[in-house]
Amino acid sequence: MKEEIIHGDCLIEMQKIEENSIDLTVTSPPYDNLRTYNGYTFDFEGIAKELYRVTKQGGVVVWVVGDATVKGSETGTSFKQALYFKEIGFNLHDTMIWHKPNCFNFGSNNCYRNSFEYMFIFSKGTPKSINLIKDVRTKSEGKLLKGARKHSGGERDTVPDFTVGEYKKRDNVWDINVKSENNGHPAVFPEKLAEDHILSWSKEGDTVLDPFAGSGTTLKMAKKNNRNYIGIEISQEYIDIINKRLSTQK
Ligand SMILES: C[S@@+](CC[C@H](N)C(=O)[O-])C[C@H]1O[C@@H](n2cnc3c(N)ncnc32)[C@H](O)[C@@H]1O
């Protein structure tokens with residue numbers, strides 16, 4: 001298996017990655033200088049173009065972001081970034097929401113509690129690996145449902161009759177509690193979030209990239225699920241956390 005942890009600026013380090021070689025990226029960039037992560041900033045447009053170059057045809061990029069509020073207005077950076085990804089050739093496959101039921105951010109007095117981040121799913125062409133997670137219990141298991149007929153009234157079913165199974169696919173709003181992992185990094189995302197995207201958009205033996213690796217959550221879940229991984233992180237302090245975390249990972 002390929003297991004690469006690179007200390008450096010992802011804009012420069014991604015230039016060394018072969019084009020069309022990455023099956024899946026799961027990442028969360030620093031957003032709106034909300035946290036300064038030891039003072040590092042990043043060139044969004046340059047990085048988005050590099051992501052397009054290194055992604056395989058049919059590969060997917062999961063971009064987890066939120067917006068800061070500046071002088072009473074949300075910045076809208078997440079939307080601008082999503083539109084830019086489309087401009088450079090990505091398909092916006094889905095706009096998903098990470099809802100944090102246990103979120104402790106009460107925000108300002110004149111807004112509702114801010115309890116979510118976007119999870120934009122971009123793909124280079126049609127995604128080549130889709131394994132939607134079916135873990136929602138159905139209410140009518142075993143019931144035979146009639147398939148849908150064509151509008152023309154033709155004989156052939158567009159969807160054949162089917163029997164309702166025990167589970168159906170979940171919706172695109174994922175409830176995942178924020179974990180206070182306290183591994184020394186200020187913005188760790190939950191392991192379940194990374195793992196469920198890895199399972200949804202890649203298969204065993206694929207290569208998963210995280211250009212903003214932080215404490216290495218995506219890398220840890222890629223390893224656990226038999227994927228190759230490449231992680232890039234600019235801060236030596238966080239590289240040390242990744243190495244420690246992955247050395248205990250089976
Ligand atoms: C939101 S955090 C990622 C957290 C990660 N998802 C986790 O679970 O630990 C963003 C990370 O990007 C890193 N970073 C910022 N600019 C960078 C750059 N140009 N190249 C590589 N890493 C960068 C920061 O040091 C920070 O650790």
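Residues numbered from 1 in each chain as written. Predicted model: local features only at pLDDT ≥ 70, side-chain atom pairs only at ≥ 80, totals over all residues.

Participant: Any chance you could break down the overall build of the chain for me, citing the residues and the numbers?
Facilitator: Helices and strands together make up the secondary structure of the chain, namely six helices and 14 strands. If you take every contact in the chain between residues at least 6 apart in sequence, the share linking residues at least 24 apart comes to 71%. (Helix = DSSP H or I, 4+ residues; strand = E, 2+ residues; numbered from the N terminus. Contact = placed C-beta atoms within 7 Å.)

Participant: Go over the pairing of strand β2 (residues 22-27), please, and point to the residues and values.
Facilitator: Here β2 lies mainly inside the structure; six of its six residues are buried. Pairing analysis gives five bridges linking β2 to strand β3 (residues 55-65), with the strands arranged parallel. Bridge pairing in β3 links V26 to V62. (Buried ≥ 20, exposed ≤ 12 C-beta atoms within 10 Å, placed from the backbone. Pairing = 2+ DSSP bridges.)

Participant: Explain the packing of helix α4 (residues 191-201) against helix α5 (residues 217-224) to me, using residue names and the numbers behind them.
Facilitator: Geometry of a packed helix pair, given as the angle between the helix axes and the separation of the axes. Interaxial distance between α4 and α5 falls to 9 Å at its minimum, and their mutual angle equals 50 degrees. Considering their axes alone, α4 and α5 lie oblique with respect to each other. Relative to α5, the crossing made by α4 is right-handed. Seen from α4, the contacting residues are E191, A194, E195 and I198; seen from α5, they are T217, T218, K220, M221 and A222. Grouping the constituent residues of the contact of α4 with α5 by class yields four nonpolar, two polar and three charged. (Axes fitted to C-alpha atoms, helices over the stretch in contact; angles between N-to-C directions. Parallel < 35°, antiparallel > 145°, perpendicular 65-115°, else oblique. Left-handed = near helix turned anticlockwise from the far one by under 90°. Nonpolar A, V, L, I, M, F, W, Y, C, P; charged D, E, K, R; others polar.)

Participant: I'd like to hear about the sheet that holds β3, residue by residue, with values.
Facilitator: Hydrogen bonds between backbone groups are what pair the strands of a sheet, and the pairing can be parallel or antiparallel. Strand order in the open sheet formed by eight strands is β1-β14-β13-β2-β3-β7-β6-β12, with mixed pairing between adjacent strands. Only two strands of the sheet have a single partner each, and these edge strands are β1 (3-7) and β12 (173-175). For this sheet, the mean inter-axis angle between neighbouring strands, taken without regard to orientation, is 15 degrees. As judged from the three bridges shared by strand β6 (residues 91-99) and β12, these two strands associate in the parallel manner. Paired with W98 across the strands is W174, a residue of β12. Of the strands in this sheet, β1 and β14 (228-233) touch helix α6 (residues 236-247), which is tilted by about 160 degrees from β1.

Participant: Could you give an account of the environment of T126, with specific residues and numbers?
Facilitator: Structurally, the position occupied by T126 is in the loop between β7 (116-123) and β8 (136-137). Classification of T126 by C-beta neighbours within 10 Å gives exposed; the count is 10. Separated by 35 residues in sequence, T126 and N91 place their C-alpha atoms 7.7 Å apart.

Participant: Talk me through the packing of α5 against α6; I want residue IDs and the actual numbers.
Facilitator: Running from N to C, α5 and α6 cross one another at 25 degrees; their axes reach a closest spacing of 10 Å. When the axis of α5 is compared with that of α6, the two are roughly parallel. By crossing handedness, the relation of α5 to α6 is classed as right-handed. Of α6, the residues touching α5 (which contributes L219, K220 and K223) are I242, R245 and L246. Its residues assigned to classes, the contact of α5 with α6 shows three nonpolar, no polar and three charged.

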